[in-house]
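Descriptive analysis of the structure
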Amino acid sequence: MALILHGLRNKNAYKALIAAEYTGVDVKMAENFEMGVSNKTLEFVKMNPLGKVPVLVTPDGPVFESNAIARYVSHLKSDNPLNGSSLIDYAHIEQWIDFATLEVDVHVLAWFRPRIGRALYIKPAEEASIAALKRALEALNKHLASATFLVGHSVTLADIVLTCNLLIGFTQLMTKDFTSEFPHVERYFWTLVNQPNFQKVIGEVKQSLAIPPVQSTKGPAQVKESAKPKAKEEPKKEAKKAEKEAHEPKAKEVAEEEEEAPKPKPKNPLDLLPPSPMVLDDWKRLYSNTKTNFREVAIKGFWDMYDPEGYSLWFCDYKYNDENTVSFVTLNKVGGFLQRMDLARKYAFGKMLVIGSNPPYKVKGLWLFRGQEIPKFVLDEVYDMELYE
């Protein structure tokens, strides 16, 4: 009897499917699975309360999280070489699975998701993710300089997990120029993806030729009034009277709907402030376009523009810097804060910094707001404002 794997056929599902090929276990993808629909059903939420994929249905109950599923599949066969031949082998396999998850997958996804519009794109955060990924690949490259596989002399579960976690990197982000710095990682990856059991699941793999451009995370633009469909033309004179009468109630309904349309939202209180000689967009353009002599050009330009009566400057310091012990978690925390602050884009400009080369990292910022106070709608909507002083 086949085990059923619910989810999308992607790198997380590949881990279990490849492990099944090596183990001799029949694992099949659930038919007619539709992301956003199937995983929202009551039956699915009972299997995984978060509604995330993949989920493996077994005779003993469901298992979620891709690494846990792959481990379960590999242990369905006693003395499976995928799990090593000794206790120390097993420990090393687990070690590299953690490495593949925390040092590779996390940083690949942090680089990839903003590029395809799945997360807010922040250039410093991307640069930090790439730097962290390179450090991991350097360490991996040194290990593989004298080894074909991560543990022992054959494929283990660690190789399956790491190769699957490298897949998005090699096929979507890391061009040949990027990976040529890590020749042993290159040799390792292409060796693994060309193994018969990998090819059965993944198919042909081709390396990315370019990094995808940054996609916008904004929603669809509002339809302009001029783009609205025109009302149907009145029936021609020669049309029957019955047809004309049939259209009249509809016209009446439309008129009633228009009368009941919501009134325009009241203006933001900041729009009612006295005019300011400082044009915020002019400062933003100067900041963005200044590539050299920043202090002489941009900073001087700011103070020439600054209107202390129409705007106010605010420093912010994170209250709990002692908790900032993991770089990518700290960057994600700041990225989320900036994403929520985007609602004040029209009335504010801010710069956030993550300071330090070693943990704990300090988070500081400087904000320019229209008016003399932090806008009330910012305090109401940006819930993590209270974490700063």
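Residues numbered from 1 in each chain as written. Predicted model: local features only at pLDDT ≥ 70, side-chain atom pairs only at ≥ 80, totals over all residues. Heavy atoms only, no water.

1. Considering the overall build of the chain
Basically, it comes down to this: By the criteria applied, helices consist of DSSP H or I runs no shorter than four residues and strands consist of E runs no shorter than two, each listed in order from the N terminus. A contact between two residues is defined here by any heavy atoms of the two lying within 4.5 Å. The protein chains shown are the only cover counted for residues, whose accessible areas, like all others here, come from Shrake-Rupley with a 1.4 Å probe.
Of the regular secondary structure elements, the chain holds 14 helices and seven strands. Look at the contacts in the chain between residues 6 or more apart in sequence, and 69% of them connect residues 24 or more apart. A total accessible area of about 24400 Å² is found for the chain, and carbon and sulfur atoms account for 54% of it.

2. Describing the nonpolar core
A general feature of soluble globular proteins is that nonpolar side chains tend to end up buried together. The following threshold applies: Throughout this description, the term nonpolar core refers to a set of buried Ala, Val, Leu, Ile, Met, Phe, Trp, Tyr and Cys residues connected via side-chain atoms within 4.5 Å. When a residue's accessible area, from a 1.4 Å probe over protein chains only, is under 20% of the maximum for its type it is buried; when over 50% it is exposed; and in between it is partly exposed.
The biggest cluster of nonpolar side chains holds 59 residues, and the ones touching the most others in it are L5, L137, L140, L150, I160 and M174. It is helix α6 (residues 157-173) that contributes the most residues to this core, 11 residues altogether. With residues near it in sequence (within four places) discarded, M174 still touches W111, L133, L137, L166, G169, T179, Q207 and S208. If you look at the next biggest cluster of nonpolar residues, it comprises 15 residues, including V334, A344, V378 and M385.

3. Looking at the confidence of the model for the chain
What counts here: For every residue, the predictor states its confidence as a pLDDT score lying anywhere from 0 to 100.
The share of residues in the chain with pLDDT of 70 or more is 87%, and the mean pLDDT across the chain is 86. Every residue in residues 218-237 scores below 50 in pLDDT, and together they form three contacts with partners more than four places removed in sequence or on other chains. In this model, residues 242-261 is a region of pLDDT below 50 whose contacts with residues beyond four sequence positions or in other chains number two contacts.

4. Quick word on helix α11 (residues 280-289)
Working note: α-helix, 3.6 residues per turn, so residues spaced by three or four point in the same direction. Our working rule: To obtain the arc, one takes the directions from the helix axis to the C-beta atoms.
Here α11 has its buried residues at L280, W283 and K284. Take α11 and look down its axis: the buried residues cluster within an arc of 100°, on one side only.

5. Details of a nonpolar patch on the surface
To keep things clear, this is the line we draw: Grouping into patches uses exposed residues only, defined as over 30% relative accessible area, and leaves out salt-bridged ones; the cut-off is 9 Å for like charges and 5 Å for nonpolar side chains (Val, Leu, Ile, Met, Phe, Trp, Tyr). Whenever Lys or Arg places a side-chain nitrogen within 4 Å of a carboxyl oxygen from Asp or Glu, that contact is recorded as a salt bridge.
A contiguous nonpolar surface patch, about 580 Å² in accessible area, is contributed by F294, I299, W303, L313, F315 and L366. Among the elements of the structure, α12 (294-305) and β5 (311-317) are those that each provide at least two residues to the nonpolar patch. Considering every element that reaches the nonpolar patch, the biggest residue donor is α12, with three residues. The topology assignment puts F294 in helix α12.

6. Observations concerning the sheet that holds β5
As a reminder of what qualifies: Only when DSSP finds a minimum of two bridges between them are two strands counted as paired. For helices, the fitted line uses only the C-alpha atoms of the stretch in contact; every axis is such a line through C-alpha atoms, and the angle between N-to-C directions lies from 0 to 180 degrees.
Here we have three strands laid out as an open sheet, ordered β5-β7-β6, and antiparallel in their pairing. Only two strands of the sheet have a single partner each, and these edge strands are β5 and β6 (348-355). In this sheet, adjacent strand axes meet at a mean angle of 10° when their direction is disregarded. As paired strands, β6 and strand β7 (residues 362-370) are joined by eight bridges and run antiparallel to one another. Within the sheet, the bridge partner assigned to K351 lies in β7 and is L366. Contacting β5, β6 and β7, α11 runs over the sheet at an angle of about 35° to β6.

7. Quick word on the pairing of strand β1 (residues 3-6)
Of the pairings in the sheet, the one linking β1 to strand β2 (residues 27-29) comprises three bridges and is parallel in character. When the sheet's bridge partners are listed, L3 is paired in β2 with V27. In this sheet, strand β3 (residues 55-58) lies alongside β1 in antiparallel orientation, the contact comprising three bridges. Looking at β3, one finds that H6 is bridged to V55.

8. Things to note about the packing of aromatic side chains
Quick note on the threshold: Paired rings are identified among Phe, Tyr and Trp, the last through its six-membered ring, by centres lying within 6.5 Å, and are further divided according to the angle between planes into stacked (under 30 degrees), edge-to-face (over 60) and tilted (the rest). We call a charge positioned over a ring when the NZ of a Lys or the CZ of an Arg lies within 6 Å of the ring centre and within 35 degrees of the ring normal.
Applying the stated criterion to the full structure yields 22 aromatic pairs. Ring centres 5.4 Å apart and planes at 20° place the aromatic pair F302 and Y306 in the stacked group. With a relative accessible area of 18%, Y306 lands in the buried category. Aromatic side chains W367 and F369 sit 6.0 Å apart centroid to centroid with 10° between the ring planes, which places their arrangement in the stacked category. For W367, a relative accessible area of 8% translates into the label buried. Members of the aromatic cluster, joined through ring pairs, are W283, Y287, F294, F302, W303, Y306 and F349. Taking NZ or CZ as reference, R370 lies 5.3 Å from the ring centre of Y311, over its face.

9. Re the sheet that holds strand β4 (residues 61-64)
Pairing in this open sheet of four strands is mixed, and the strands run β2-β1-β3-β4 from one edge to the other. At either margin of the open sheet sits one strand with a lone partner, and together these are β2 and β4. For this sheet, the mean angle separating the axes of adjacent strands, direction not counted, is 25°. Sitting on the sheet, helix α1 (residues 11-23) touches β1 and β2, and the angle it makes with β2 is about 145°.

10. Quick notes on the side chain of N268
To keep it simple, the criterion reads: Polar contacts, as used here, are pairs of N or O atoms within 3.5 Å; protein pairs need one atom able to donate a hydrogen and one able to accept it. Residues neighboring in sequence count only if both atoms are side-chain atoms.
On the secondary structure map, N268 appears in the loop between α10 (241-259) and α11. From its side chain, N268 meets the backbone nitrogen of L270 in a polar contact 2.9 Å long. Beyond its immediate sequence surroundings of up to four residues, N268 is in contact with Y347 and F377.

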